[in-house]
Every structure is written in C-alpha cells, then in structure tokens.
Amino acid sequence: MSIIPRAISFTLEKDYPRYWYNQSPVQTYHMNVLAVYLPYGEKFFIHCVKNFAHCIKDPILKQSINAFLKQEAYHGREHTRLFKHTIALHYPNLDVSKYKFWLTGTLAFLAGKKFRLAMAAAGEHYTAVVASTYLKYPEGFEKMPSDIAIIWKWHAIEELEHKEVVFNMLKPLKIGYLTRITAFLLMTVIQVSSYIRPFFHMAKHDKLLFSFGFYKSIMLHFKSIRLESIKAYWAYLKPSFHPSHQDTYPLIQNWIIELNNANTTSEKLNRLQERH
C-alpha cells in the first residue's frame, strides 16, 4: 500500500450554518466532536511515533513512517482551518485543550513512551474504522456541504493508507499483546469521555439540554451505528489481529478513481495519486 502525503490546502467558505451536517444538531455535534479533537490527536500520534522512528531499521517501514508523519501534519493543519470555519464561529468558548483528564492522562504518562505508542496504534485503528465506514456508506458525505465533504473524503482515504504504520512499529519495539490491549482499552475510555464533554457543551450553548426531542435524536443517532463497525473496532482485541486483515485497499482505489474523475472545486484533488 502506497502512503502518499498530499499537501492540499482546501478552499473553505467564510462561515457555515450552525447545523451544517444534515441541518441536525445531534449529527452536527457528532462531526464537530470528531473535528475538534483531530488536530490534538494528530499531534499526539506524531509525537509518539517520532519518539521511536530512529529505532526502526526496516527501510520500507521507515519510509512509511516518514509518509505517515507528513500525512498527519497535513490533516492537523486542514482540520484546524475547518474548526475555525465550522465550530469556533458558533461555539467560541469550546476549547478542548482546557479539558483535563487527570486519571487517564497520569496513567498514560506513568506507563511510558512505549505504552503511549501502543495508544497511538489503538487511536489509528479507531480512525481507520471510522474512515472505512464513511467511505463504504457515502450517503453521509451527501449531508455535508460539498467543500467540507471533500476534506473528510481526503482524510478518510489517507487514514486507510497509513492504518498499518504505527501497529507495525509495535513488534520490532517488542511491545506485546498485553500492552497493546491495555493501551487500547485506556484509549477507548479516553475517547468516550472526550466525546461527551464537547458534545454537551454545544447542546448547553444551544439551550437543548432540556429538550426531549434532542435526547430522542441522540438515541436514533447511536442506533444507526453499524454493527459491522462495532465488530471491526473490537476485533483489535484478538491476539492475531493485524490492520491488514480488514482489507480496505479496493475501497481506497475506488474513491481515488471517483475523486479523480469528479468535477471538484480544487484542481489539486485531480492529482490524488500523484502527490508525493
């Protein structure tokens, strides 16, 4: 699998409606939460990988690591811009950098750098599952403004391209199964707890906390989560698991062809296969 860093700077409108995703508060909050953490998540993954990049001897894996680092840096940059146009405009006090996760953060710090690399591998698995779900069922993209949808498509493609990189660092660094699944479970706790706070911050700002319809929409939203995505996520616990077991190569190729053939607003997207 080729990992191609694409340094695309997307064109965005000056502002977007508060409920830019399907005109739905709950669905917009969901996407906003994903978007608001992405720049911080990418920085964490980059930091964890850089700690051990020099220890990797395999030349192919070293090349993949370098491409991974570039892709993640570009993702963080573009999602920071997206945050300013879709979230900060309507929720100026939403700053997840102020959230403190004392227990989980302390555990991750005390467990050491190798444990945090295992957490990064778990985080990459989560993003790969989300990316493959959106690319398999593209009706979700149709509910977004087209210029935002193209960012999420680009990001999803590249998440699947590099989904094996951090995981493949674990074995040569002698990071075993117990560390891998412990880091995965801790990362799952962090992701769930991180999701709740900004979600309800936005609901409080919009005065929806005491709306019955709001909670009904939440239930409908989470009932729509696909069973195959849940199974794909928890498959990480198998001792024999490897990201390549969830074959997403045809999905990537189909989407690259579709985007190359599409009439997009960004000429650079027509070179998805060429940018190195």
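Structure's up top.
Overview of the structure. Worth saying up front: this structure is predicted, and the values here are computed from it rather than measured. (Residues numbered from 1 in each chain as written. Predicted model: local features only at pLDDT ≥ 70, side-chain atom pairs only at ≥ 80, totals over all residues. Heavy atoms only, no water.)

## A few points about helix α10 (residues 249–261)
Piece 1. In a regular helix each residue adds 1.5 Å, so 13 residues correspond to 18 Å; α10 covers 19 Å between its end C-alpha atoms and thus fits that length.
Piece 2. Considering only its buried residues, α10 is in contact with α4 (113–136) and α5 (146–161). (Helix = DSSP H or I, 4+ residues; strand = E, 2+ residues; numbered from the N terminus. Expected span 1.5 Å × (residues − 1). Contact = heavy atoms within 4.5 Å.)

## Examining α5
Piece 1. Here α5 spans 23 Å end to end across 16 residues, near enough to the 22 Å set by a 1.5 Å rise per residue.
Piece 2. Most of α5 is tucked away: 15 of the 16 residues are buried. (Buried < 20%, exposed > 50% of the residue type's maximum accessible area, 1.4 Å probe, protein only.)

## Notes on the environment of His85
Piece 1. In this fold, His85 is placed in helix α2 (residues 59–86).
Piece 2. The exposure class assigned to His85 is buried, which follows from its relative accessible area of 19%.
Piece 3. Between the C-alpha atom of His85 and that of Leu186, which follows or precedes it by 101 residues, the distance is 32 Å.

## Details of the packing of aromatic side chains
Piece 1. Applying the stated criterion to the full structure yields 23 aromatic pairs.
Piece 2. Plain terms: the ring middles of Tyr19 and Tyr29 are 6.3 Å apart, the flat faces sit at 65° to each other, and that makes the pair edge-to-face. One end of the pair, Tyr19, is in the segment before α1 (25–50); the other, Tyr29, is in helix α1, with 10 residues separating them in the sequence.
Piece 3. Judged by relative accessible area, which is 24%, Tyr19 ranks as partly exposed.
Piece 4. Arranged with centres 5.2 Å apart and planes meeting at 50°, the rings of Tyr236 and Phe241 form a pair that is tilted. Considered together, Tyr236 and Phe241 belong to a single accessibility category, that of buried residues. (Phe/Tyr/Trp six-rings, centres within 6.5 Å; stacked < 30°, edge-to-face > 60°.)

## Focus on the side chain of His242
Piece 1. Considering the arrangement of structural elements, one finds His242 in the loop between α9 (227–234) and α10.
Piece 2. Side chain to side chain, His242 and Ser244 meet in a polar contact 2.8 Å long.
Piece 3. Those residues in contact with His242 that lie beyond four places of it in its chain are Glu164, Phe167 and Asn168. (Polar contact = N/O pair within 3.5 Å; in protein donor to acceptor, adjacent residues only side chain to side chain.)

## Description of the environment of Arg77
Piece 1. Within the secondary structure layout, Arg77 lies in helix α2.
Piece 2. The exposure class of Arg77 is partly exposed, given its relative accessible area of 35%.
Piece 3. In contact with Arg77, other than residues within four places in its own chain, are Ala7, Ile8 and Ser9.

## Some remarks on the nonpolar core
Piece 1. Ranked by internal contacts, the top residues of the largest apolar core, which has 48 residues, are Met144 and Trp152.
Piece 2. Of all the secondary structure elements, the ones that give two or more residues to this core are α1, α4, α5, α7 (177–205), α8 (212–223) and α10.
Piece 3. Apart from the residues within four sequence positions on either side, Trp152 is in contact with Trp20, Met31, Leu34, Ala35, Leu38, His79, Leu82, Phe141 and Met144.
Piece 4. Listed in part, the 37 residues of the second largest apolar core include Ala118, Leu173, Met187 and Phe241. (Core = buried A, V, L, I, M, F, W, Y, C linked by side-chain atoms within 4.5 Å.)

## Digging into the packing of α1 against α8
Two measures define how a pair of helices packs: the angle their axes make with one another and the distance between the axes.
Piece 1. Running from N to C, α1 and α8 point in directions that differ by 60°, and their axes come no closer than 9 Å. When the axis of α1 is compared with that of α8, the two are oblique. Only Phe214, Ser217, Ile218 and His221 of α8 make contact with α1, whose side of the interface consists of Val26, Gln27, Tyr29 and His30.
Piece 2. Tallied by class, residues from the contact of α1 with α8 come to four nonpolar, four polar and no charged. (Axes fitted to C-alpha atoms, helices over the stretch in contact; angles between N-to-C directions. Parallel < 35°, antiparallel > 145°, perpendicular 65-115°, else oblique. Nonpolar A, V, L, I, M, F, W, Y, C, P; charged D, E, K, R; others polar.)

## Re the pattern of salt bridges
Piece 1. Scanning the model with the defined rule gives seven salt bridges in all.
Piece 2. Of the charged contacts in the structure, one is a salt bridge between Glu228 and Lys136, with a shortest N-O distance of 3.4 Å. Note that Glu228 is positioned in helix α9 and Lys136 in helix α4, a separation of 92 residues in sequence.
Piece 3. Classification of Glu228 by relative accessible area gives partly exposed; the value is 37%.
Piece 4. Among the ionic contacts, a cluster of salt bridges with common partners joins Arg6, Glu158 and Glu161. (Salt bridge = Lys/Arg side-chain N within 4 Å of Asp/Glu carboxyl O.)

## Thoughts on the side chain of Thr188
Piece 1. Mapping Thr188 onto the fold places it in helix α7.
Piece 2. Within the local environment of Thr188, its side chain forms a polar contact with the backbone oxygen of Phe184, the two atoms lying 2.8 Å apart.
Piece 3. Sequence-distant contacts of Thr188, defined by excluding residues within four places in its chain, comprise Tyr233 and Trp234.

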